[in-house]
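Structural characterization, general
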Number of protein chains: 2
Amino acid sequence: MENTRDLFQMITRRFGLLNKNCCSADGLDISLIQSHILYEINRQLAPSVQEVAEALGTDITTFSRQVQSLIKMNLVNKTPSLNDRRIHTLELTAEGTNIAEIIDEQINTYLEEIFAHMTDFEKETVLRSIQLLNNTMGKIGSCCAPAPR
Amino acid sequence: MENTRDLFQMITRRFGLLNKNCCSADGLDISLIQSHILYEINRQLAPSVQEVAEALGTDITTFSRQVQSLIKMNLVNKTPSLNDRRIHTLELTAEGTNIAEIIDEQINTYLEEIFAHMTDFEKETVLRSIQLLNNTMGKIGSCCAPAPR
DNA sequence: AATAATGCTTGCATTTTGCAAATAAAAGGA
DNA sequence: TCCTTTTATTTGCAAAATGCAAGCATTATT
């Protein structure tokens, strides 16, 4: 049987490959990061630039520019907050919402295809396992960080 | 309970974050791709440039340059094959093997930390689930590929 | 031989990245 | 209140990564 490290290396790579191909929707090519940004803005309620950048683990300057490109593509709106005008809140435009939904469907279709190869019991087991893994990884800090300089 | 897409979005992101921090070893900073290259060269037996690039899903020209930098770092050797001198085989240097081992230990430590939070039964279940997921994803093509041009 | 196909590398031009510095707005202290 | 700090975000820049087209070297096909 394969050892644990190999198992994780492989699944990590699979998710990576899955990601590289992400996503074409409605004539627009959406990069991986962009799709994550759309997802995250959709999930949170009018999040600030910082909140999304943090959630995605992206450097904020890079993120700022990614948002700019999404604004240019007319998928995202950015408005200064009324309470504190330093903070800019992000939300999806109608088109952005549309794209997010299309991507959502694509991924759901893919997931259904995966689980079509499993019994209901296996599917339940896999889902609970991923959930458990998610929670546990959330509790622990991240792996293998380079020494701070 | 969370829906499947959310679950996968989260685990994908966790693996991504895990990856970004990869890796510092023996005073060298190893990037994510580089660590995957080292892993893959170590796993295969004297693979060719193409074989590794393919396994990692990287464009071969980008890969070629990544290998060059690993050669400069003295972690990898590249030799023309005797049978067919177009083919160049890759292997780790002593130093490269060393680095690969250090990274391996780092990741194993992290994995042990994760599983220390679980019962033996949970651990077994999670491992078998990932294995099942790996195999199933392997059978299916990748998700959401953009239309070819 | 001459032509085609294969494996790999280089030339570019584009994109992405992230640190340092800049800007703008709010908070805190005298 | 004015001045200094802190916070949120954006730009300058320089380095790195990317990928297509073209190149070079070697082998296969005819």
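Being a predicted model, the structure only gives us computed values, none of them experimental. (Residues numbered from 1 in each chain as written. Chains lettered and ligands numbered in written order. Predicted model: local features only at pLDDT ≥ 70, side-chain atom pairs only at ≥ 80, totals over all residues. Heavy atoms only, no water.)

Contacts to DNA strand C come from 19 residues, most closely from Arg65(A), Gln50(B), Ser64(B), Arg65(B) and Lys78(B). Near the protein, within 4 Å, the atoms of DNA strand C are sugar or phosphate in 66% of cases. The separation between a base nitrogen of DNA strand C and a polar side-chain atom of Thr61(A) is 3.2 Å. In this structure, a base oxygen belonging to DNA strand C sits 2.8 Å away from a side-chain N or O atom of Arg65(A). Broken down by secondary-structure element, the contributors of at least two residues to the surface near DNA strand C are α4 (60-72) of chain A together with α3 (49-56) and α4 (60-72) of chain B. Here the surface near DNA strand C is built from residues that sort into 2 nonpolar, 9 polar and 8 charged. (Near = heavy atom within 4 Å. Polar contact = N/O pair within 3.5 Å; in protein donor to acceptor, adjacent residues only side chain to side chain. Helix = DSSP H or I, 4+ residues; strand = E, 2+ residues; numbered from the N terminus. Nonpolar A, V, L, I, M, F, W, Y, C, P; charged D, E, K, R; others polar.)

The next thing to look at is the relation of the copies chain B and chain A. Relating one copy of the chain to the other requires a rotation about an axis plus a shift along that axis. Between chain B and chain A, which share one sequence, the superposing operator has a rotation angle of 180° and an axial displacement of 0.0 Å; the RMSD is 0.1 Å. What the rotation and shift describe, once combined, is the action of a two-fold rotation axis. The position closest to the rotation axis in chain B is occupied by the C-alpha of Ser129(B), lying 3.3 Å away. Looking at chain B, 100% of its interface residues are interface residues in chain A too, so the copies touch through the same face. (Least-squares fit on C-alpha atoms with pLDDT ≥ 70 in both. Contact = heavy atoms within 4.5 Å.)

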